[in-house]
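Observations on the three-dimensional arrangement
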Amino acid sequence: MKTHKATSKRFRLTGSGKLVRTKGGKSHFRRRTSKRTKLLLSKMVPVQGKGMQKRIRRLAPYLGKHKYNPNARTAK
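This structure is a prediction, so every number in the text was calculated from the model and none was measured. (Residues numbered from 1 in each chain as written. Predicted model: local features only at pLDDT ≥ 70, side-chain atom pairs only at ≥ 80, totals over all residues. Heavy atoms only, no water.)

Counting through the fold element by element, Thr7 comes out in helix α1 (residues 5–10). Ignoring sequence-local partners within four residues, the contact set of Thr7 consists of Ile56, Leu59 and Ala60. Among the polar contacts listed, one links the side chain of Thr7 to the side chain of His4, at a separation of 2.7 Å. (Helix = DSSP H or I, 4+ residues; strand = E, 2+ residues; numbered from the N terminus. Contact = heavy atoms within 4.5 Å. Polar contact = N/O pair within 3.5 Å; in protein donor to acceptor, adjacent residues only side chain to side chain.)

Our next topic: the sheet that holds strand β3 (residues 45–46). What the three strands build is an open sheet, ordered β1-β2-β3; its pairing is antiparallel. Each edge of the open sheet carries a strand with a single partner, namely β1 (11–13) and β3. Pairing analysis gives two bridges linking strand β2 (residues 19–21) to β3, with the strands arranged antiparallel. Residue pairing for β3: Arg21 is matched across the bridge by Val45. (Pairing = 2+ DSSP bridges.)

Dropping the structure here:
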């Protein structure tokens, strides 16, 4: 089963198994926004709704399987 690449780039799975997402509105037109608002945009937010979580897990079934550096534990 193939992974939907846009979904895998937008969502992450935490160590405890929670599905988190990034916030939008970070690319342009940011000069007029306050520093506090821009700071809050950088945080990741848990995904609300069981239906949305189910859809994301269906689109990206291997989301929590691989870490960024899989050989970190084996290196001595």
